[in-house]
Amino acid sequence: MNELLKIAQISDLHIAAGSDAVQEIDVRRNFKQALYSYSVVDSDFIVLSGDLADHGEKGAYEFVAEEMERCKKPWAWIPGNHDDLENAANYFSMPDYVHGKTFDFSMDIKGRRFVFLDNSSGEIQLRQMEWIKQQAAEFELIYLFMHYPPCLCGHAFMDSKYPMKHIEKVQEAFESISNIGGIFCGHYHCAHSLELKNGIPVYVAPASPMQISPTSAEFKLESSLPLWQILNFKGKNLTVEVKNIGISLNFLHSP
């Protein structure tokens, strides 16, 4: 637990079939700019936090699998609402995935327990919440990755159009878990840092292909810059840095 750990989180790749652009943006180029940046190459582990594909196409997962093999880093992924688990299973190792069920798993990285939750349907099922509670009961501190944030984030467009379902019930369930050191999400295409009622920090990653304006009630592209975030763990302390080629923005949390 005292060992230093650096995790790179790249979210919402939205890779299209072939070399197609998305919103007239070269999303493959933007993903590779993030993946091969110094801050990601210098990390210990990479997490792709959902919406790897724009429409769940096999070609998108083939491209991501090839790039992840090329980068030679240990990595994991969680699905988002744009992903297709059956198509992804053709290219990614998913030993715990059973057809028709959610893709949930956990792993230990440098003495820390990370829980990867599939809420790509926009909700967290009761059995999944019980599983999280079981994980939390077995470890002093756990960290959770999932695609949808378990809260509203002050984002005018995403909060009104595409929030997670049953947020109040989910937050009530999380209130009974005191040893979650951080929840890391994507989905919003905009970086946010906030806390749940019981103080659990939530870090919403920006997206690698594009950023959506948080102030507009309708979809408005704010930037086509690739952004990602770096999670730095030192003991129980955590810092989160939002990165692009030339920008760094820090968030701090000490439980």
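See the structure above.
Everything numeric here is computed off the predicted structure, so don't read it as measured data.

Here is what the cut-offs are and how they apply
Residues numbered from 1 in each chain as written. Predicted model: local features only at pLDDT ≥ 70, side-chain atom pairs only at ≥ 80, totals over all residues. Heavy atoms only, no water. Pairing = 2+ DSSP bridges. Helix = DSSP H or I, 4+ residues; strand = E, 2+ residues; numbered from the N terminus. Axes fitted to C-alpha atoms, helices over the stretch in contact; angles between N-to-C directions. Core = buried A, V, L, I, M, F, W, Y, C linked by side-chain atoms within 4.5 Å. Buried < 20%, exposed > 50% of the residue type's maximum accessible area, 1.4 Å probe, protein only. Contact = heavy atoms within 4.5 Å. Polar contact = N/O pair within 3.5 Å; in protein donor to acceptor, adjacent residues only side chain to side chain. 1 Å grid on protein atoms, 1.4 Å probe; cavity = no way out; pocket = protein on both sides within 12 Å on 5 of 7 lines; lining within 4 Å. Points joined across faces, edges and corners; volume = space filled by probe spheres on them. Nonpolar A, V, L, I, M, F, W, Y, C, P; charged D, E, K, R; others polar. Parallel < 35°, antiparallel > 145°, perpendicular 65-115°, else oblique. Left-handed = near helix turned anticlockwise from the far one by under 90°. Disulfide = S-S within 2.5 Å.

S.K.: Describe in detail the sheet that holds strand 4 (residues 105–109), supporting the description with residues and values.
M.R.: The strand order across the open sheet formed by six strands is 4-5-6-7-9-8, and the pairing between neighbours is mixed. Either end of the sheet is taken by a strand with one partner, and the two such strands are strand 4 and strand 8 (192–195). Mean inter-strand twist for the sheet, computed between neighbouring axes without regard to direction, equals 20°. Where strand 5 (residues 112–116) lies against strand 6 (residues 142–145), four bridges are found, and the strand directions are parallel.

S.K.: Describe the nonpolar core, with residues and values.
M.R.: Core analysis: the biggest nonpolar cluster contains 52 residues, and Ile7 and Leu48 have the highest contact counts within it. Sorting elements by how many residues they give to this core places helix 3 (residues 58–71) first, with seven residues. Aside from chain neighbours lying at most four places away, what touches isoleucine 7 is Ser43, Phe45, Val47, Ile109, Phe114, Phe145, Gln229, Ile230, Leu231 and Phe233. Counting 30 residues, the second largest nonpolar core, distinct from the first, contains Met129, Ile132, Tyr148 and Val204.

S.K.: Now, about the side chain of serine 11: what can you tell me, with residues and values included?
M.R.: Topologically, serine 11 is positioned in the loop between strand 1 (5–10) and helix 1 (27–35). Of note is the side chain of serine 11, whose polar atom sits 2.8 Å from the side chain of serine 49. If we skip the residues at most four places from it in the chain, serine 11 touches Ser49, Gly50, Gly186, His187, Ala205, Pro206, Ala207, Ser208 and Pro209.

S.K.: Report on the layout of surface pockets, specifying residues and quantitative values.
M.R.: Space left empty within the atom packing is revealed by a probe, the size of a water molecule, rolled over the atoms. Looking at the largest pocket, its volume works out to about 310 Å³. What lines the largest pocket is a set of 15 residues, among which His14, His82, His189, Ile212 and Phe219 lie closest to the centre. Here the residues of the lining of the largest pocket are counted per class, giving seven nonpolar, six polar and two charged. Quantified by volume, the second largest pocket comes out at close to 220 Å³. Trp75, Ala76, Trp77, Phe92, Ser93, Pro95, Asp96, Phe103, Phe105 and Met107 are the residues that line the second largest pocket. Secondary-structure elements contributing two or more residues to the lining of the second largest pocket are strand 3 (75–78) and strand 4. Of the residues assigned to the lining of the second largest pocket, the class counts are eight nonpolar, one polar and one charged.

S.K.: Explain the packing of helix 1 against helix 3 to me, and be specific about the residues and the numbers.
M.R.: Axis angle and axis distance: for two packed helices, these are the angle between their axes and the distance between the axes, and together they describe the pair. With their axes 11 Å apart at the nearest point, helix 1 and helix 3 run at an angle of 25° to one another. The angle between helix 1 and helix 3 places the two elements in the roughly parallel class. Between helix 1 and helix 3 the crossing geometry is right-handed. Side by side, helix 1 and helix 3 meet where Arg28, Phe31, Lys32 and Leu35 of the first sit next to Gly59, Phe63, Glu67, Met68 and Cys71 of the second. For the contact of helix 1 with helix 3, a count of residues per class yields five nonpolar, one polar and three charged.

S.K.: Can you lay out the state of the cysteines for me, pointing to particular residues and giving the numbers?
M.R.: Summed over the entire model, instances satisfying the criterion amount to zero disulfides. Summary of cysteine pairing: cysteine 190 is not part of a disulfide, and the nearest cysteine sulfur, belonging to cysteine 153, is at 8.9 Å.

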